[in-house]
Amino acid sequence: MRTLVAYTVFLCACSFSGSVGSQDIVDAGPDTEVDAPPDAPPTCAPGFLNLCAHAAGTAPLMVSDAKEINTDTEPSCVVIAQTSGLEICAMFYSSIDIQNAGSVLAYGGRALALVSESSILISGDLDVSSRRTRVMEKRGGAGHSGNTCAFDAQPENDGGGGGGAAGGTFATQGGVGGKGDLNNNNGNGGDATGGTPGPALAQPAGLLRGGCAGQPGGNSSTTGGAPGLGGGAVYLVAKTSLVVSGNVYASGAGGSGGPSPRAAGGGGGSGGMIVLEAASVTVSGRVLATGGGGGEGANVNSSGDSGDDATTVAAAPGGSGTPSGGNGGNGATTAAGELVDPGPGLDDDGGGGGGGGGNGFILVKSPNRQLGGVTSPVPVPVL
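Reference entry: report on the structure contained in this document. (Residues numbered from 1 in each chain as written. Predicted model: local features only at pLDDT ≥ 70, side-chain atom pairs only at ≥ 80, totals over all residues. Heavy atoms only, no water.)

### Regarding the overall build of the protein chain
Link 1 in the chain: For the protein chain, the helix and strand inventory stands at zero helices and 25 strands.
Link 2 in the chain: Put simply, the protein chain has 383 residues, and 54% of those count as buried.
Link 3 in the chain: In the protein chain, of all internal contacts separated by at least 6 residues, the share reaching a separation of at least 24 is 73%.
Link 4 in the chain: Carbon and sulfur atoms make up 52% of the accessible area of the protein chain, which totals about 14900 Å². (Helix = DSSP H or I, 4+ residues; strand = E, 2+ residues; numbered from the N terminus. Buried < 20%, exposed > 50% of the residue type's maximum accessible area, 1.4 Å probe, protein only. Contact = heavy atoms within 4.5 Å. Areas by Shrake-Rupley, 256 points an atom, 1.4 Å probe, with all protein chains shown as cover.)

As structure tokens, then:
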């Protein structure tokens, strides 16, 4: 655990900065007083996001069991537009406490911001990750979709075995997809090339957004495996302290395995985005924004296994059933402070494997950061 020296900063909500105090009364002669000027309005300097125009929360949020937030329909959402990104569902409270037995699952098209006038304590779970294994309407984390996610090349379709999909790119590049139809089974004169990910994206400044989905796998006579969705986005901001002794997740989902015969595996989704902001930020639990595993390709008789969702600091495994097509690549993570790149999908005579998803972002804006526990990727300070 390391501690940085504190210095004074302004945080983002209007009431976070103090007002100017009244001046002393001036003696203007016998029986005469000059009234002091009224207090100046509270000043407000934007934090990572500019929330100055929004009223402070007056009620606490205490979560002791399971709570779900659909950011598209939640009545408590204050909807905030972003000029170059998705809308945000912002929720304002006097304090926030997600207790040890409590869990918050957030999903929907809008990113999530939880704003406290005092402290945020998370000893339970806050989850905006994407999961292939959840029911359909809850698979994607908050703000996981609708982002600009480019790929350099799409996987090829091939009746003898489709090309594997590339994994989603965000803070780091996704894994490349594996080749299919290495034995030229359908006589088209060549292998089916896999997908190629786009370049890693710059650290967002003043923009809250989720990660990127992988590509769908290349088709054979059947449709390729579905992509894993990118992790969602959450902004946690408190006036005083933000303490995470539990878990905050914004990881990507695994790509689906290619269906038989010979369809390719889908790419894993990238990690999403977590922003922590307070006068003091302490992490002793887990904060994860890692990539999902790529799906395995199919052979003529067997469908491929799906890649794992990213749920721990260990790299999410790619699909690797026996016997099938090319294995999927593992998702990106960070181990012992070192980046572990996402794995490529493997080549095969049948369908190629999907590449693993890249890492997301963990950003910390605080003059006093004590970052222990388990964090992946490595948190980046924001001044």
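### Considering unusual backbone geometry
Among all residues save glycine, negative phi is the norm, and among peptide bonds the norm is trans.
Link 1 in the chain: In this structure, Pro-261 follows Ser-260 across a cis peptide bond, with omega equal to 0 degrees.
Link 2 in the chain: Residue position: Pro-261 is located in the loop between strand S16 (247-249) and strand S17 (273-277).
Link 3 in the chain: Put simply, Ser-376 and Pro-377 share a cis peptide bond, and its omega is 0 degrees.
Link 4 in the chain: Tracing the backbone through its elements, the reader meets Pro-377 in the loop between strand S24 (374-376) and strand S25 (380-381).
Link 5 in the chain: Although it is not a glycine, Asp-181 adopts a positive phi angle of roughly 55 degrees.
Link 6 in the chain: Mapped onto the elements, Asp-181 comes out in the loop between strand S12 (151-153) and strand S13 (196-197).
Link 7 in the chain: Assessed through its relative accessible area of 0%, Asp-181 is described here as buried.
Link 8 in the chain: Backbone geometry at Arg-262 places phi at a positive 70 degrees, although glycine is not the residue there.
Link 9 in the chain: Structurally, Arg-262 is set in the loop between S16 and S17.
Link 10 in the chain: Accessibility expressed as a relative area gives 18% for Arg-262, which makes it buried.

### With respect to the sheet that holds S25
Link 1 in the chain: The mixed open sheet is built from seven strands, whose spatial order is S5-S6-S9-S14-S17-S22-S25. The two strands at the open ends of the sheet, each matched to only one other strand, are strand S5 (78-82) and S25. (Pairing = 2+ DSSP bridges.)

### Some points on the side chain of Arg-369
Link 1 in the chain: Note that Arg-369 resides in strand S23 (residues 369-371).
Link 2 in the chain: Buried and unpaired, Arg-369 has Glu-277 as its nearest opposite-charge partner, separated by 10 Å.
Link 3 in the chain: Of the polar contacts made by the side chain of Arg-369, one reaches the backbone oxygen of Ser-366; its length is 2.4 Å. (Lys, Arg positive; Asp, Glu negative; His and termini not counted. Salt bridge = Lys/Arg side-chain N within 4 Å of Asp/Glu carboxyl O. Polar contact = N/O pair within 3.5 Å; in protein donor to acceptor, adjacent residues only side chain to side chain.)

### Re the nonpolar core
Link 1 in the chain: Grouped together as the largest cluster of nonpolar side chains are 35 residues, with contacts concentrated most on Leu-112, Leu-126 and Leu-236.
Link 2 in the chain: Grouped together as the second largest cluster of nonpolar side chains are 20 residues, Ala-113, Leu-208, Val-237 and Phe-361 included. (Core = buried A, V, L, I, M, F, W, Y, C linked by side-chain atoms within 4.5 Å.)

### So, the state of the cysteines
Link 1 in the chain: A complete count under the given rule lists two disulfides for this structure.
Link 2 in the chain: Between Cys-77 and Cys-89 runs a disulfide, and the two sulfur atoms are separated by 1.8 Å. Disulfide Cys-77-Cys-89: the torsion about the S-S bond is -75 degrees, which places it as left-handed. Placement of Cys-77 in the loop between strand S4 (66-70) and S5 and of Cys-89 in strand S6 (residues 85-93) is noted, with a sequence separation of 12 residues between them. As far as burial versus exposure is concerned, Cys-77 and Cys-89 are alike and both buried.
Link 3 in the chain: Note that Cys-149 is cross-linked by a disulfide to Cys-212, the S-S spacing being 2.1 Å. When the S-S torsion is -80 degrees, as for the bridge of Cys-149 with Cys-212, the disulfide is left-handed. Here Cys-212 lies in the loop between S13 and strand S14 (233-238) and Cys-149 lies in the loop between strand S11 (125-127) and S12, a separation of 63 residues in the sequence.
Link 4 in the chain: Its relative accessible area of 25% is what places Cys-149 among the partly exposed residues.
Link 5 in the chain: Given the relative accessible area of 1%, Cys-212 is considered buried. (Disulfide = S-S within 2.5 Å.)

### Notes on the environment of Gly-292
Link 1 in the chain: As for its placement among the helices and strands, Gly-292 is situated in the loop between strand S19 (286-288) and strand S20 (333-335).
Link 2 in the chain: The spatial distance from the C-alpha of Gly-292 to the C-alpha of Asn-359 is 9.0 Å, given a sequence separation of 67 residues.
Link 3 in the chain: When residues no more than four places from it in sequence are discounted, the contact partners of Gly-292 are Gly-252, Ala-253, Gly-254, Gly-268, Gly-269, Asp-308, Ala-310, Ala-316, Gly-331, Gly-356 and Gly-357.

### A short note on the pattern of salt bridges
Link 1 in the chain: Per the stated rule, a full pass over the model turns up three salt bridges.
Link 2 in the chain: For Lys-138, the salt bridge goes to Glu-68, with nearest N and O atoms at 3.0 Å. Within this pair, whereas Lys-138 is found in the loop between S11 and S12, its partner Glu-68 is found in strand S4, the two being separated by 70 residues in sequence.
Link 3 in the chain: Across the pair Glu-87 and Arg-110 runs a salt bridge, and its minimum N-O distance is 2.9 Å. Here the residue Glu-87 occupies a position in strand S6, and Arg-110 occupies one in the loop between strand S8 (103-107) and strand S9 (111-116), the gap between them amounting to 23 residues.
Link 4 in the chain: Take Glu-87: its relative accessible area is 35%, and that puts it in the partly exposed class.

### Some points on the packing of aromatic side chains
Link 1 in the chain: With the rule as written, the count across this model stands at two aromatic pairs.
Link 2 in the chain: Taking 5.9 Å as the distance between ring centres and 55 degrees as the angle between the ring planes, the aromatic pair formed by Phe-48 and Tyr-235 counts as tilted. With Phe-48 in the loop between strand S2 (33-34) and strand S3 (61-63) and Tyr-235 in strand S14, the pair connects residues that are 187 residues apart, well separated along the chain.
Link 3 in the chain: For Phe-48, a relative accessible area of 8% corresponds to the buried category.
Link 4 in the chain: Their ring planes at 90 degrees and their centres at 5.0 Å tell us that Phe-170 and Phe-361 sit as a pair that is edge-to-face. (Phe/Tyr/Trp six-rings, centres within 6.5 Å; stacked < 30°, edge-to-face > 60°.)

Structural measurements only, silent on function.
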